[in-house]
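Spelled out from the first residue to the last, the chains are:
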Amino acid sequence: MVSLPDVYLPVDRLFPDFVSTALLENFESADELWPDELPHIANAARKRRLDFRAGRHCARAALSKAGCPPVPIGRGAGREPLWPAGFVGAISHARIVAGAAVARTEHTAGLGLDIEARDTCDLALWQRLGTPAERTAAEAQVSAQDALLLTFSAKEAFYKAQYTRSGQWLGLRGAEVALDGNGARFEITLLQAVPEVGPAGARFEGRYLISGDVICTGICLPPVHPDGLAAARA
């Protein structure tokens, strides 16, 4: 069984109890990749290899907590992790921490996890790329930079979760984020229909946390309805 040291980032708070999570701070301590995983980074730079290895280490640790034996975690055509049958999950890493979240498909249609270092946000860039509503909301926050980075991170988490169902990536303006100023939650509204996920206007709720130098967001899509769509809020 993979063991991990205690990490200060309480990422488990982002998800319901049926989601298993794992984190790693020291990337050098990650287990070696499995032979089936090595071709995915055969020509990658050292940093990318460390990131990839740390992410797979966390993924196997989270799967172990969920009752799944260790397996290789491949990579799909969209660079997404390929999870064992019966499981969905997400992997993320910033400079100082890597993490993974995993759950059984009977509980959720998809999971999203994103970890960002707080000093990586280009304020001018996100002022251009965010929707007008997102920019206005961010500018009203005490820390506009944190608000913009949270908005970006929330989209990244949601886009990972929805890809499990749709098999397609959304542009940065394919959905809109509203942060809950009184708590640690956010809401994603689809601005376009997404196959297997929901129509334009469908809403999904996620959670975020800020801990030291790190911002982290997570989202757990409801189980799939008989109509084939995740159970979004109307």
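Remember, predicted model here, so these are calculated numbers, not experimental data. (Residues numbered from 1 in each chain as written. Predicted model: local features only at pLDDT ≥ 70, side-chain atom pairs only at ≥ 80, totals over all residues. Heavy atoms only, no water.)

## Quick look at the packing of helix α3 (residues 132-139) against helix α4 (residues 144-166)
In step 1: In contact at an axis separation of 8 Å, α3 and α4 are set at 140° when each is read in the N-to-C sense. Here α3 is positioned oblique relative to α4, judged by the angle of their axes. Here the hand of the crossing between α3 and α4 comes out right-handed. Contacts from E134, A138 and E139 of α3 reach α4 at A144, A147, L148, T151 and K155.
In step 2: Along the lines of polarity and charge, the residues of the contact of α3 with α4 split into four nonpolar, one polar and three charged. (Axes fitted to C-alpha atoms, helices over the stretch in contact; angles between N-to-C directions. Helix = DSSP H or I, 4+ residues; strand = E, 2+ residues; numbered from the N terminus. Parallel < 35°, antiparallel > 145°, perpendicular 65-115°, else oblique. Left-handed = near helix turned anticlockwise from the far one by under 90°. Contact = heavy atoms within 4.5 Å. Nonpolar A, V, L, I, M, F, W, Y, C, P; charged D, E, K, R; others polar.)

## Observations regarding unusual backbone geometry
In step 1: Backbone geometry places R79, a non-glycine residue, at a positive phi of 70°.
In step 2: Along the chain, R79 turns up in the loop between β2 (74-75) and β3 (81-82).
In step 3: Non-glycine residue E196 carries a positive phi angle of around 70°.
In step 4: Mapped onto the fold, E196 is located in the loop between β8 (185-190) and β9 (203-211).

## Here we look at the environment of R75
In step 1: For R75, the position within the fold is in strand β2.
In step 2: The residues contacting R75, other than those within four sequence positions of it, are H40, R48, F52, R56, E80 and L82.
In step 3: Of the polar contacts made by the side chain of R75, one reaches the backbone oxygen of H40; its length is 2.9 Å. (Polar contact = N/O pair within 3.5 Å; in protein donor to acceptor, adjacent residues only side chain to side chain.)

## Regarding the nonpolar core
In step 1: One finds F158, F186, L190, F204 and I219 to be the most contacted residues of the largest nonpolar core, which totals 23 residues.
In step 2: Breaking this core down by element, the ones donating at least two residues are α4, β7 (175-179), β8, β9 and β10 (214-221).
In step 3: With eight residues, the top contributor of residues to this core is α4. (Core = buried A, V, L, I, M, F, W, Y, C linked by side-chain atoms within 4.5 Å. Buried < 20%, exposed > 50% of the residue type's maximum accessible area, 1.4 Å probe, protein only.)

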